[in-house]
Amino acid sequence: MFQRFFPYLGKYKKNLIFCFFLVISDVICELMMPLLMSKIVDNGIPQKNIRYISLVGITMVALALASILFGTLNMKFSAEASQGFAANLRESLFNKVQSFSFANIDHFSTASLVTRLTSDTTQMQVTVMMCLRILLRAPMMLVCAMVFAISINARLSVIIFIAIPILVVGTMLVVRTAERLFTTVQKRLDGLNGTIRENLIAIRVVKAFVRARHEKEKFKKANNALTESAIQAGNLISLVSPIMMLVLNGATLAVIWFGGKMVGTGSMGTGQLLGFISYLMQIMISTMMFSMIFILFARSQASGARILEVLDTEPDIRNSEPAGQDSQPHSMNSGKIEFRNVDFRYNTAESEGKNVLSDINFTVEPGEITAIIGGTGSGKSTMVNLIPRLYDTTCGQVLVDDTDVRNYDLDTLRSGIGMVLQKNVLFSGTIRENLLWGCADADNEKIKNAAEIAQAHEFIEGLPDGYETVLGEGGVNVSGGQKQRLCIARAILKNPRILILDDSTSAVDTATEAKIREAFRNSLKNTTVLIIAQRISSVKDADKIIVLDDGKISGIGTHEELYHSNDIYREICNSQQEGLAS
Ligand SMILES: Nc1ncnc2c1ncn2[C@@H]1O[C@H](COP(=O)(O)OP(=O)(O)OP(=O)(O)O)[C@@H](O)[C@H]1O
Ligand SMILES: [Mg+2]
């Protein structure tokens, strides 16, 4: 799996080479130390040769300094490489998520995507950094130190060969179990992020419903679950350290015991024994480091898999492959919409394969204003979402200008459609900046015109800073109805062939709403308008009204026609009139 991440090192691949040579140099310096030390003990001290001792001593200091220098440079290069790696990885993930369809995002959940982009990526970054510092160094140190140790005393080296397998098996057992726990940790982190995200977005609702205590409980639960599994994993990992110390100290004792006897019989010098012990330490420490890398791998295995899952997901709504230049329309001309035998169901576990829309057939002529009305959950939003391909139909076809929407270039299709989603959002920035989302190079005249159609110009002018008023996150400092009108203006500024308003005037008073419809009639003659609404007054004067009931079309016609022929429509009319009367 890890080789899949290699390309993300990008231009920092050269750092790998630097690190490689730095590590080699560092290891050589460090390995020379015990050798020189044993020379001092065995040759310098017995002969009381001060010159020899200082010469070797100075060499040792020089080597130590060089080792520090190499170590520091290695840290710099590995930090650089790992940061660059993480940046590249985050960018790829972010770009991938941008290409996701709504269905893809439903599948992962936003919270999980955030964890994958942040915590999981950081985990991978730490792994890369540690790899560059340890992964090269540990085995190199291990092998070289072993060669030196064997060259000093082959018989004593048997102890090393007994100790290493014990260390490795012990660590591996722990690591294997930890791997599963780390997957749980990341999943619970998703859960916690989900809770935090949902709470922060809906903090006003939480306060309004005095649900803070309930939310705190929910947070506590998610937080405790995370802590519990993190502690479990931590406990397990902390087992590694006593295992290592036990083996390390045991081996040292054995070396001193047997080596001491050899020194006694004169078959080994004291300096040689000291040198051997130093190499033993280096071998054991390298083995430990090596095992640490495996622990790190265990952790990052979980994170890596979660990242790859995102990178490997094919956006399920993709640009069509143009079969020939002619077959793909370059622009949207008239804005005619047609639904042909459309069925749709959401691909989620809860939907249980039930159709949300079935057998939808209708045509909207260019320039017409068409209204869609129906009970909540009847599938109105779902139906209009199919037009700009926010979702794809399960069966049947949606056609714009007599071309299947799947044959359009996605950008061409979507730039031809102005859409105000039911859950509309404004971004932090000025009102002007927000409106310019519709058309980046619109001049003041155009902006004002769009705002006028949406009946937003007047209230914007009334604000102290007018169009330069800064909106808070999500547009908190304007009212619900004002926000809706800004969103409509933004969509109009796009000068779309098709304008879709999903329940976008629900918070606007009826008089203003009537003015908006009037402005649509006068100013958007060439735009096909689809309006989803709950109020009869909002749909009454549309050219055509589609009545949706439980995912099926129950009737299509004008207000008069439907009032006489359609029971559901009449019921909605009557219930709203009763509401007015009472
Ligand atoms: N992303 C989704 N994943 C799964 N099911 C969904 C999703 N969005 C909507 N649904 C389901 O599809 C059905 C139709 O939803 P839709 O939002 O289209 O209704 P609607 O007519 O727009 O309702 P409202 O008037 O309340 O906006 C509902 O039963 C809903 O539970
Ligand atoms: Mg809806």
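Residues numbered from 1 in each chain as written. Chains lettered and ligands numbered in written order. Predicted model: local features only at pLDDT ≥ 70, side-chain atom pairs only at ≥ 80, totals over all residues. Heavy atoms only, no water.

**Here we look at the overall build of the chain**
Which entries qualify depends on this criterion: Numbering of helices and strands starts at the N terminus; helices are DSSP runs of H or I of at least 4 residues and strands are runs of E of at least 2. The reference for a compact globule is 2.2 Å times residues^0.38; the radius of gyration itself is calculated from the C-alpha atoms. Burial status follows relative accessibility: with a 1.4 Å probe on protein chains alone, a residue under 20% of its type maximum counts as buried, one over 50% as exposed, and anything between as partly exposed. By definition, residues are in contact when any of their heavy atoms lie within 4.5 Å. Residue exposure ignores everything except the shown protein chains as possible cover, and the areas themselves are Shrake-Rupley values with a 1.4 Å probe. In this tally Asp and Glu are treated as negative and Lys and Arg as positive; neither His nor the chain ends contributes. Working definition for charges: the position is that of NZ of Lys, CZ of Arg, CG of Asp or CD of Glu.
Check the secondary structure of the chain and you find 20 helices and 12 strands. Taken over the C-alpha trace, the chain has a radius of gyration of 35 Å; the compact-globule value for 582 residues is 25 Å, which it surpasses by more than 25%. Counting only C-alpha atoms, the chain reaches 115 × 55 × 45 Å along its principal axes. Sorting the 582 residues of the chain into buried and exposed places 46% on the buried side. Excluding contacts between residues fewer than 6 apart, the proportion of contacts in the chain whose partners are at least 24 apart in sequence is 77%. Accessible surface computed for the chain: about 29,300 Å², of which carbon and sulfur atoms make up 59%. If you average the places of the 57 positive and of the 56 negative side-chain charges in the chain, the two averages end up 12 Å apart.

**Here we look at the domain arrangement of the chain**
For clarity, the cut-off: In this document the domain limits rely on a domain assignment from an automatic tool or a database.
Domain annotation for the chain reports domain 1 (2-312), domain 2 (332-416 + 498-582) and domain 3 (425-495). A C-alpha centroid distance of 58 Å is found between domain 1 and domain 2.

**Remarks on the coordination of the magnesium ion (ligand 2)**
Defined as follows: For Na, K and Ca the donor cut-off is 3.2 Å; for every other metal, N, O and S atoms count as donors within 2.8 Å. Water does not enter the count, which can leave sites looking incomplete.
Of the protein atoms, only S381 (OG) and Q422 (OE1) coordinate the magnesium ion (ligand 2), at distances of 1.9 to 2.1 Å. Separated by 41 residues along the polypeptide, S381 in helix α11 (residues 380-385) and Q422 in the loop between β6 (417-420) and β7 (429-430) bring together distant segments of the chain.

**Quick notes on the pairing of strand β1 (residues 337-344)**
How we decide: A strand pair is defined by DSSP finding two or more bridges across the two strands.
Across the eight residues that make up β1, a large majority, six, are buried. The pairing of β1 with strand β2 (residues 357-364) spans five bridges and is antiparallel. Each residue of the ladder has a partner; that of F339, found in β2, is F362. The sheet contact formed by β1 and strand β4 (residues 395-400) spans five bridges and is antiparallel. Among the inter-strand pairings, D343 is bridged to a residue of β4, identified as C395.

**So, the site of ligand 1**
Under the convention used in this document: Summary of the distance rule: residues count as near a molecule or strand when at least one heavy atom falls within 4 Å of that molecule or strand. The term polar contact refers here to a pair of N or O atoms within 3.5 Å; inside protein, the definition further demands a hydrogen-donor-capable atom paired with an acceptor-capable atom, and it admits residues adjacent in sequence only when both atoms are side-chain atoms. Amino acid classes used here: Ala, Val, Leu, Ile, Met, Phe, Trp, Tyr, Cys and Pro are nonpolar; Asp, Glu, Lys and Arg are charged; the rest, including Gly, are polar.
The immediate surroundings of ligand 1 are formed by 15 residues, with G377, K380, S381, T382 and Q422 found nearest. The side chain of Q422 places a nitrogen or oxygen atom 2.7 Å from an oxygen atom of ligand 1. Protein chains shield 66% of the accessible area of ligand 1, which is 640 Å² for the free molecule. The leading source of residues in the shell around ligand 1 is α11, at three residues. Broken down by class, the residue content of the shell around ligand 1 amounts to three nonpolar, 10 polar and two charged.

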